Structures are given as C-alpha cells and as structure tokens.
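Reading the structure
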Amino acid sequence: MAFLKTICASGAAAVFALSMRAQTGSGAEPVRYMGGVSIKLTTPEGNLRPAIGVENRQVLRANRTHPELSDGFGWTYNHAPMLAYWNGKFYLEYLSNPLGEQVAPGQTLLMTSRDGRGWSKPEVVFPVYKLPDGNSAIMHQRMGFYVYHQSEPRLLVLAFYGHSPNPFGMGGIGRVVREAYKDGRYGPVYFIRYNRHAGWNETNTTYPFYKTSPDKGFVAACDELLRDKLMTLQWWQEDQSPGDFYTVKGNLQALSFYHRKDGKTVALWKHSLAALSSDEGRSWTTPVKLPTVIMSGAKIWGQRTKDGRYALVYNPVNDSMRRYPLAIVTGGDGIHFDNLLFIGADLAPRRFSGNHKDFGLQYVRGIEEGNGAPPGNDLRVAYSVNKEDLWVARVPVPVRSVVTRPVKDNFDALPAGGGIPDWNIYSPLWAPVRVAEFPSKTNKSLELDDRNPYDYARAVRVFPESKSANVSFKVYAKQADTGRLEIEVMDRFGNRPARLMFTGSGRVETEDGSRTIALASYQPGKWYTVDLRVDAPGDAFTVSIDGKPMMKKIRFAESVLSVERVSFRTGPYRTGPARDVDPEKIKTDLPDADDPAPEATYYIDDVAAAPVDR
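Residues numbered from 1 in each chain as written. Predicted model: local features only at pLDDT ≥ 70, side-chain atom pairs only at ≥ 80, totals over all residues. Heavy atoms only, no water.

**Section: the overall build of the chain**
Put simply, the test is: Labels follow the DSSP assignment, with helices taken as runs of H or I lasting at least four residues and strands as runs of E lasting at least two, numbered in each case from the N terminus. Between the two quantities, the radius of gyration covers C-alpha atoms and the globule rule is 2.2 Å times the number of residues to the power 0.38. Each residue's exposure class comes from its accessible area (1.4 Å probe, protein chains only) as a fraction of the maximum for that residue type: buried when under 20%, exposed when over 50%, partly exposed otherwise. Any two residues whose heavy atoms approach within 4.5 Å are treated as being in contact. Each accessible area value is a Shrake-Rupley result obtained with a 1.4 Å probe; residue values ignore everything except the protein chains displayed when judging cover. Asp and Glu are treated as the negative residues and Lys and Arg as the positive ones, with His and the ends of the chain left uncounted. Charge coordinates come from a single atom per side chain, which is NZ of Lys, CZ of Arg, CG of Asp or CD of Glu.
Scanning the chain for helices and strands turns up 4 helices and 38 strands. The globule rule puts the C-alpha radius of gyration for 614 residues at 25 Å, and the 26 Å found for the chain is close to it. Taken along the three principal axes of its C-alpha coordinates, the chain extends 80 × 80 × 50 Å. Within the chain, the fraction of its 614 residues that count as buried is 59%. A separation threshold of at least 6 residues defines the contact pool for the chain, and within that pool the share at least 24 residues apart is 62%. Accessible surface, the chain: about 23,700 Å² in total, of which carbon and sulfur atoms supply 53%. In the chain, the 76 positive side-chain charges and the 68 negative ones have mean positions that sit 3 Å from each other.

Spelled out as structure tokens, the structure:
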C-alpha cells in the first residue's frame, strides 16, 4: 500500500511538473488564442465581425502596359512590404520582379508618405544586381529598416541579394544597406553582411563593405544593428550561416517579435511557430507550434499597441495559396488573445499571372519596435494583395467590434481627404473613398469615385446590433448611364438580407427574395433620401425614397437573426476566388486590366441607423 502511495505520489508529481512545463505563457506555449470564434470560409469575411473604423488604402496598383501610372517599370510582382516611421514620414519598402516570385531580375523600391494616405511614386533603392556569370540576382528580405537612436539619429534601409530561384543559404549573396537622409536622398549602397559560407566577400561583389564608408556615424549605426540580436534574427532565413551569429536556427521564416510586460520577448514565425527569450534574443526556448493560432505560409505580425495591449495580425486559415481574410486578435498581456475580427476581406481578382502568386491579403508587416512611432494611437500595417498590389491599413486603437449608440453621421466636421472615424473604408487607387467638400466646403459628404475595371470602392458603417432597425441616408449619383452602387444592410456574419441597387441604367432595384425588381428610376445630379426599415423577425424590409413608400415587406434575400451594419459599394458583391481554385493553374492575365473603366461617382450623406422596437 505504501508502495502504491509512493508510485501515485511520484506520478502526480510528474504530471504536475509536466503541466508546469506546458503552462500557457511559458516556452511550451508562448501564445494562446482563447476565443471561441473561428473562421468559416463561406463568406469573404470568414463570418467574422470587422474591427471598427479600419481604413484600407491601396498605395501601389500594378500596371504592365502603362508603367507611368504605377512603378515606372511595369513589373507585376510586388510583394513583402515593410514599414517604418522616421523624420515625420512613413517609409514603405517592397521587392519587385517583372512577373513572378523568385524569377530574376529583382529590385527593391521605396515609397514615403506624410499622412499614410497619399504616397510618393516608388523609387528604386536597391537596383538590379548583375552576377559574375552575366545573370541577374533577385531580392528576398524579411527586414527593411533600422532606426539608429544615438546622438545623431539615422535611418538604415536594408535588403538582400540572392540567386534565382533559391536565394537562401548557399544561394544567397549578401545583405545590403544604405542610409535614408532627411532631405530625401539616399547614401551609397554597401554590403553589411555577406553569405561568406557561400563564397561571397569583399573581393567578388559589386558594392563595398560598410566598414570602408568614410561616414563614421553610418558605420556606427551598422555596428549597432549587427549587435542587435533581435533585429538581426530576422536575417536568418536568407543567411543560414553555420557560425554562431544567429541564436536560434531551423526552418524559421519571417520573424516578428514584441516584448511582454514582464520583459520577455515573444518571437513569432510563419506556420504558427513561436519562442521566448529572457535576454533580448541572446538565447531562446525551443520554437514550438502554437495549436490555437491557425495559419500557414503567410506572415504573422505581433506588437504592443499604444493602449498598452497587444495585437496579432495574420491570415487565420491553414491555406498557403488562398490567404484571406486578414484578421486581428487582441489581448492584455501578450500571452492570451481573444476577439478574432477581420481588418481586410475585400479581395479583388488577381489581374496578372506569375510564379507563386498566391491569392489574398498577405505578408502583413507593421512598424518594428524601435523603428518609429507615428502620431496617434492607430496600428499601421502594410500588406500585398495577390502579390501584385500594395496596401496599408490603419487600425484604430483600442480595437473594438461593437457599437452601442445610434449612428448619425454627416461628415461636415471632418477634414476633406482625412480620416473617417468609425467607418470601415476600402479605397483602391482607382476607386478612392474620401470626405469631399460636396456640395460645399461646409456641407461635406462621403465620395465613392470608381474607374476601376476589376475593383470597387466601399464604405461600411457598423451600428448597434438589433433585431429591427431604421437605416437612412442620402445618395447622389453624378451619372445614371454607367456604374453601380449597391447598398446592403448586413448581419454580424456578413450576410446581406436587405439589398438596394442604383444601377447603370438609371434604375433603383432591390432583391425581393430571389427576384430582382425595379422600384423607381433616378436622375443624375440629384440628392435622394432613402429610408430602410429592416425587420429580422419578419424576414423582410421596407423602402421609402424621398418620403414616398416604394415597397413594403420586401422579402430578405437571406434570413438573419439581427443586423448591425450598412455597406455602400460601387460594384457587385463578390465571393471569389473560390477556395478550390489553384492560383498556379491560372496562366492568363485578365483583359484590359491596365485601362480605367468609365468613371462613376457617388456621394453619401446624413447616414443614420438605430434599433427600433417591434
């Protein structure tokens, strides 16, 4: 009996010790998603709620035949954007190839912005590199910037040259660096670290080693970067040197890191891998796969937000070829995360074919710790869409998903072209959404201007969730012979029970169950006041225009339990690409993708939404 008690006691001790080793927040599980909400792949949003007030703006639209409207080169593989904020400006670096991933030649370009909305034309910062055999290198980098914080602050811009199609390890050449000056110029290009184990060094490369620079401050900034084990760990995948420069090795891709409140550093990589460091990256726990953070080969971004909380941004799908939606979870301690929301779900069709051009809003990056803090509390992240266009999202902090007060917006107090509080904005370059001084400087409205043949402008307003609601607004169309404005009242899962359309043939239409019916005609250059009474228990809604009832008890297009947002979109609803479509098998480009469509402009004003008692 005593023997059995001893065995039981020792077994319990072993189980207890194991549970202590596996405790959430330890190296066994550095991060946990605690929420019960999971993504469902039946709608573009994944049946998730939006993070309220997110502003998604396109900053580069690839254009092959009119390069002057894009990057100046006509290259259609644009990917891996990086962000920094320095000297009162946002900096965005990205790599580019003519057609597809890891197909030479490659170069790295950079754009800047004062406000995060209007961006400069891309400028080459690391040009095409010619190899000794006459071929060209490609670029591949997981890190773009480093801000030197000494007596003379400096911004270093970095990139990596390697061989096509495999720039890693023995296929790599080395990492290059140059300084971004405050006046907008850039310093000379140097190598800061060679793939010496692959045979590259000072004697057989085009650019000199950074130590030869006559600028002592620049050399000091590079030296400090090389001593920073957290920043340089981002270099591991391309370098893969056999020495002891890197403190953790393995199949670790696209590091993102942040500091918890207890001072420990959390490292996050692709494929849900994570580790902890207690000494600023000089040593790490063994990387482990996070069972609750579902993702695949797209990147994950983690950081502490300005409200003292933490955010993770990633594609919450185990699918490397279809990377959408882009989602966010938040937490208070950097360990436990909850409230899975989407920050981007409108996915335009891929216009150009190319090698490994996966579908989706992907490769998200924010501003790394130490690389600047823009004004305000917003979280800023950059991402590519379909590996051809570049976008930047502004996510209001604190991140929230629920509105509790009735909505009554008229836009008059907002600056033209500025932020639009509490509205979720989707604004392509050829279909911008902005506050406009229309009809006057004192009577402003929301403008949706669309000339994009394969995308749309969209603005969404969340209101208090309710079984029944009154939604009203004013709408003005500049034209009635082209374009399309679709207005939908939606539920929390992205279902669209109540639908209204201003068509390109001058008609106002709705969907009555499965039927599309015309309610009225409309004229260009005239404001119309629209009132919707939406009744989820009754499975129906009513429409009035300028106080005149158009139709009562219009049957829902799909049944819902409640409603909570109104959407304005200058194009038809889309669900694609389908989850079973293989992007590698699509070898053709979309026709006429580089030319604008006939322009259609709409203005929205006096938006109100409130629950009603039945």
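**As for the packing of aromatic side chains**
Rules: Pairs were defined over the aromatic rings of Phe, Tyr and Trp, the Trp ring being its six-membered one, requiring ring centres within 6.5 Å. Orientation was assigned from the angle between planes: stacked under 30 degrees, edge-to-face over 60, tilted for the rest.
Taken as a whole and judged by the stated rule, the model has 32 aromatic pairs. Ring centres 6.2 Å apart and planes at 90 degrees place the aromatic pair tyrosine 129 and phenylalanine 191 in the edge-to-face group. Highlighted residues: tyrosine 129 in the loop between strand E6 (123–126) and strand E7 (138–139) and phenylalanine 191 in strand E11 (residues 190–194), separated in sequence by 62 residues. Judged by relative accessible area, which is 3%, tyrosine 129 ranks as buried. The exposure class of phenylalanine 191 is buried, given its relative accessible area of 0%.

**Digging into the sheet that holds strand E5 (residues 107–113)**
Just so we agree on the cut-off: Any two strands are treated as partners once DSSP identifies two or more bridges connecting them. The angle between two axes is taken between their N-to-C directions and runs from 0 to 180 degrees, where each axis is a line fitted to C-alpha atoms and a helix contributes only its stretch in contact.
Here we have 4 strands laid out as an open sheet, ordered E3-E4-E5-E6, and antiparallel in their pairing. Both edges of this open sheet fall to strand E3 (77–86) and E6, since each of them pairs with a single strand only. Averaged over all adjacent pairs, the angle separating strand axes in this sheet is 30 degrees, with direction ignored. Where strand E4 (residues 89–97) and E5 come together, 7 bridges link them in antiparallel fashion. Looking at E5, one finds that leucine 95 is bridged to threonine 108.

**With respect to the pairing of strand E13 (residues 265–268)**
Here E13 shows a buried face lined by Thr265 and Ala267 and a second buried face lined by Val266 and Leu268. Of the pairings in the sheet, the one linking strand E12 (residues 256–259) to E13 comprises 4 bridges and is antiparallel in character. Among the inter-strand pairings, serine 256 is bridged to a residue of E13, identified as leucine 268. In this structure, E13 lies alongside strand E14 (residues 273–277), joined through 4 bridges in antiparallel fashion. In the strand pairing of E14, valine 266 is matched with leucine 276. Count of turn residues in the E13/E14 antiparallel hairpin: 4 residues, of which histidine 271 carries a positive phi of about 60 degrees.

**What to know about helix H2 (residues 216–227)**
Rule in force here: In this analysis, the expected span of each helix is defined as 1.5 Å times one less than the number of residues it contains. Polar contact criterion, stated in full: a pair of N or O atoms within 3.5 Å, where within protein one must be able to donate a hydrogen and the other to accept it, and residues adjacent in sequence count only if both atoms are side-chain atoms.
With 12 residues, H2 should cover 16 Å at 1.5 Å per step; its first-to-last C-alpha distance of 17 Å lies within 8% of that length. Burial analysis of H2 places 9 of its 12 residues in the buried class, the great majority of the element. For H2, every residue scored as buried is listed here: Gly217, Phe218, Val219, Ala221, Cys222, Asp223, Glu224, Leu225 and Leu226. Of the surrounding elements, those touching the buried residues of H2 are strand E8 (145–148), strand E9 (154–162), strand E10 (172–180), E11 and helix H3 (229–232). For H2, the N-terminal capping position is held by aspartate 215, with its side-chain oxygen 3.0 Å away from the main-chain nitrogen of glycine 217.

**Description of the confidence of the model for the chain**
Atom-level detail of predicted coordinates should not be read off regions where pLDDT is low. Note the threshold: The pLDDT value tells you how sure the predictor is about a given residue, anywhere from 0 up to 100.
The predicted model of the chain averages 95 in pLDDT, with 96% of residues at 70 or higher. Considering only residues more than four positions removed or in separate chains, one finds that residues 1–20, a stretch of pLDDT under 50, has 0 contacts.

**A look at the environment of asparagine 371**
Along the polypeptide, asparagine 371 turns up in the loop between strand E21 (359–365) and strand E22 (379–385). As a C-alpha pair, asparagine 371 and tyrosine 148 span 223 residues in sequence and 8.6 Å in three-dimensional space. Leave out the neighbours within four places in its chain, and asparagine 371 touches Ala84, Tyr85, Phe145, Tyr146, Val147 and Met231. Engagement of the side chain of asparagine 371 in a polar contact is seen with the backbone oxygen of phenylalanine 145, the distance being 3.1 Å.

**Thoughts on the side chain of histidine 259**
Inspection of the secondary structure puts histidine 259 in strand E12. On the basis of relative accessible area, histidine 259 is assigned to the buried category, the value being 19%. Of the polar contacts made by the side chain of histidine 259, one reaches the side chain of glutamate 369; its length is 2.6 Å. Setting aside residues up to four positions removed in sequence, histidine 259 forms contacts with Leu230, Lys264, Thr265, Glu280, Tyr310 and Glu369.

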